[in-house]
Amino acid sequence: MPRRAYRGVALAALIFFVVQVGALALVPTFFEQGYQTVEDPTDPTNSLLYIGAIIGMTAFMLAAFKYDLDQLIRVIIVFTSGLLSWYVFAAILPSGLLAIGLSAAVAIALLVYPEWYVIDTAGALMGAGAAGLFGISFGLLPALVLLSVLAVYDAISVYKTKHMLDLAEGVMDLRIPVVLVIPTTWSYSLLDEDFARDANDVGENADEDGVDDAEEERDPADRDAFFIGLGDAVMPTVMVASAAFFSTAPSLGIAALPALNLPALLAMVGTFVGFAALMWAVMKGRAHAGLPLLNGGAIGGYVLGSVVAGVPLVSALGLAPYL
């Protein structure tokens, strides 16, 4: 694999790390500020409602692309980015006005200059904020259910129905932080990309299976950039944040991350094991579903960390209230 491909993988890993550490740092403050969004975070039906919301939002976005309402999607995502950025800034800054100003700056930057580093910065803020909010709102069992079902859904939507690929194609030209942009060379500019033209070129050169012969032969490691869904960073981090907040394992005593415990730490490690496997697969070519590997790694690491920390398996799985 060329050196520049390693740089891209390292940048993607850094963004994942920032999202996870950011969520861990935000968890205590979010709870203190009353940001828990459900009445009973141990109720597994919370996960089913959220999964339904994801499917509904996916259907809405696909319909919007079909009926040329792309800019509506862009406005919604930019507003959401500003809102989640405000949650993050309000938690770490002493001035509410400064938090509002910085979150507005994030939204404005996405509108007027959506270069790759602007999108990735906004994505990291969104990811840390969203994972922190979900982490304190989804107990251990709901988090496990959420990650497991979404891993299956992601696999079906990428390999079977392929509608997730259609969604990714639709958001590319909007330049919004639904997708993280990972350049393999520092001279890369997202603003110079013409995704509509590229899609037409693929359509014209595709064979009967819908595969572009030239693209098939091209080494993915030689591309100027690759793309990762923001959800691939957020979802395994929900397990990390939930483990830090709800597990009975003791804190590791790290001052900057007081919520960090062994189950959360090994969930992070498991995420990066899945990330390494995903990057290996991506560099082989073709689109791959990220959540089966990433969520699977996070869940496996969390369970292992719980066992090593001496947490009973029934408690680690959030089943104690039901037994």
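Refer to the preceding data block for the structure.
Caption draft 1: Expanded view of the overall build of the protein chain. The helix and strand tally for the protein chain stands at 13 helices and two strands. Against the globule reference of 20 Å for 323 residues, the protein chain gives a C-alpha radius of gyration of 20 Å, in line with a compact fold. Across its three principal directions, the C-alpha atoms of the protein chain cover 60 × 45 × 40 Å. Classification of the 323 residues of the protein chain by burial places 48% in the buried group. Contacts in the protein chain between residues at least 24 apart in sequence constitute 79% of all its contacts with a sequence separation of at least 6. As displayed, the protein chain offers around 15,000 Å² of accessible surface, 66% of which is attributable to carbon and sulfur atoms. Averaging the locations of the 13 positively and 30 negatively charged side chains of the protein chain gives two centres separated by 5 Å.

Caption draft 2: Region of interest: the layout of surface pockets. Considered as a void within the structure, the second largest pocket measures approximately 170 Å³ in volume. In terms of lining, the second largest pocket is formed by Thr42, Gly139, Leu140, Leu141, Phe246, Ser247, Thr248, Val311, Ser315, Gly318, Ala320 and Pro321. Partitioning the lining of the second largest pocket into residue classes produces six nonpolar, six polar and no charged.

Caption draft 3: Spatial organisation of empty space enclosed by the protein. One pass over the structure, following the stated rule, counts one cavity of 30 Å³ or more. In this structure, the largest cavity spans a volume of roughly 60 Å³. Along the wall of the largest cavity there are 10 residues; nearest its centre are Met172, Arg175, Ile176, Val179 and Val181. A class-by-class count of the residues in the lining of the largest cavity yields nine nonpolar, no polar and one charged.

Caption draft 4: Layout of the pattern of salt bridges. What the rule picks out here adds up to one salt bridge. Here aspartate 173 ties to arginine 175 by a salt bridge, and the two come within 3.2 Å at their closest N and O atoms. A relative accessible area of 12% places arginine 175 in the buried class.

Caption draft 5: Looking closely at the nonpolar core. Counting residues in each nonpolar core, the largest one holds 93 residues, and the members touching the most others are Leu146 and Met239. At 13 residues, the largest contribution of residues to this core is made by helix H5 (residues 116-137). With residues up to four places along the chain from it excluded, the contact list for leucine 146 reads Ser47, Tyr50, Ile51, Phe138, Met235 and Val238.

Caption draft 6: Structural view of the side chain of serine 242. On the secondary structure map, serine 242 appears in helix H10 (residues 230-246). For serine 242, a relative accessible area of 0% translates into the label buried. Setting aside anything within four residues of it in sequence, one finds serine 242 in contact with Gly135, Phe138, Gly139, Leu140, Ala143 and Ser247.

Caption draft 7: Main features of the packing of aromatic side chains. Counted under the stated rule, the structure contains 13 aromatic pairs. Judged by centre distance (4.8 Å) and plane angle (90 degrees), the rings of tyrosine 35 and tyrosine 87 are edge-to-face. With tyrosine 35 in the loop between helix H1 (3-32) and helix H2 (45-66) and tyrosine 87 in helix H3 (residues 70-92), this residue pair connects regions lying 52 residues apart in the sequence. Relative accessible area serves as the criterion here: at 16%, tyrosine 35 is assigned to the buried category.

Criteria and thresholds
- Residues numbered from 1 in each chain as written.
- Predicted model: local features only at pLDDT ≥ 70, side-chain atom pairs only at ≥ 80, totals over all residues.
- Heavy atoms only, no water.
- Helix = DSSP H or I, 4+ residues; strand = E, 2+ residues; numbered from the N terminus.
- Rg over C-alpha atoms; globule rule 2.2 N^0.38 Å.
- Buried < 20%, exposed > 50% of the residue type's maximum accessible area, 1.4 Å probe, protein only.
- Contact = heavy atoms within 4.5 Å.
- Areas by Shrake-Rupley, 256 points an atom, 1.4 Å probe, with all protein chains shown as cover.
- Lys, Arg positive; Asp, Glu negative; His and termini not counted.
- Charge placed at Lys NZ, Arg CZ, Asp CG, Glu CD.
- 1 Å grid on protein atoms, 1.4 Å probe; cavity = no way out; pocket = protein on both sides within 12 Å on 5 of 7 lines; lining within 4 Å.
- Points joined across faces, edges and corners; volume = space filled by probe spheres on them.
- Nonpolar A, V, L, I, M, F, W, Y, C, P; charged D, E, K, R; others polar.
- Salt bridge = Lys/Arg side-chain N within 4 Å of Asp/Glu carboxyl O.
- Core = buried A, V, L, I, M, F, W, Y, C linked by side-chain atoms within 4.5 Å.
- Phe/Tyr/Trp six-rings, centres within 6.5 Å; stacked < 30°, edge-to-face > 60°.

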